[in-house]
Amino acid sequence: MSITSKVRQSVVLTGDGQVQKLVNGTATDIGKANILTVFAQARDADAEVKLYNESDNSKTAAKLIFHGKFSTAANHVHEFKIPASGIYASDGIYADVTNVDFLYIIGTF
């Protein structure tokens, strides 16, 4: 019996947008997910990543599920590791970034 991991990496985002996964080679919006790690590289100081449990770009304050700040200069990388089973998103994941070159998410989706 082989064991297949359900942990995946999202498609790399270079700006605000819906976080996606690859399905048969096609980028598809992520629906339900457990976020285990958020990895990002700063474009400048005071980089910021906000993740919302939303399938659109509403950025409703009550739907904010992750807010990370990092970096004192450009090109710093940071890995936010989420303990236990991670952060659950039931509706999708919308990323709102400031001073970030790129980000990706590791999780189950």
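**Q** Explain the nonpolar core here, please?
**A** One recurring pattern in soluble globular proteins is that nonpolar side chains are buried together. Membership of the largest hydrophobic core comes to 24 residues, with the highest contact counts inside it found for V49, L51, I93, L103 and I105. Sorting elements by how many residues they give to this core places strand β5 (residues 33–42) first, with 5 residues. Setting aside residues no more than four positions away along its own chain, I93 makes contact with G17, Q18, V19, I30, A33, I35, L51, Y52, E54 and I105.

**Q** Whenever I open this one, unusual backbone geometry confuses me. Can you help?
**A** Excluding glycine, most residues fall at negative phi; most peptide bonds, likewise, are trans. One non-glycine residue, D46, lies in the positive phi region at around 60°. Relative to the assigned elements, D46 resides in the loop between β5 and β6 (47–52). What makes D46 exposed here is its relative accessible area of 60%. The backbone of S71 shows a phi angle near 85°, a positive value even though the residue is not glycine. Checked against the element boundaries, S71 lands in the loop between β7 (64–70) and β8 (77–81).

Rules used in this analysis
- The residue count restarts for each chain, going from 1 along the sequence in the order it is written.
- For this predicted model, a pLDDT threshold of at least 70 governs which residues receive local features, and a threshold of 80 or more governs which side-chain atom pairs are given and counted, while totals over whole chains, interfaces and linings are taken from all residues.
- Water and hydrogen atoms were dropped before computing side-chain values, which therefore reflect all heavy atoms in the structure.
- Residues grouped as a nonpolar core are buried Ala, Val, Leu, Ile, Met, Phe, Trp, Tyr and Cys residues, joined through side-chain atoms within 4.5 Å.
- For the exposure calls, accessible area comes from a 1.4 Å probe over protein chains only, and a residue counts as buried if that area is under 20% of its type's maximum, exposed if over 50%, partly exposed in between.
- A run of DSSP states H or I qualifies as a helix once it reaches four residues; a run of E qualifies as a strand once it reaches two. Both are numbered from the N-terminal end.
- Two residues form a contact once any of their heavy atoms are found within 4.5 Å.

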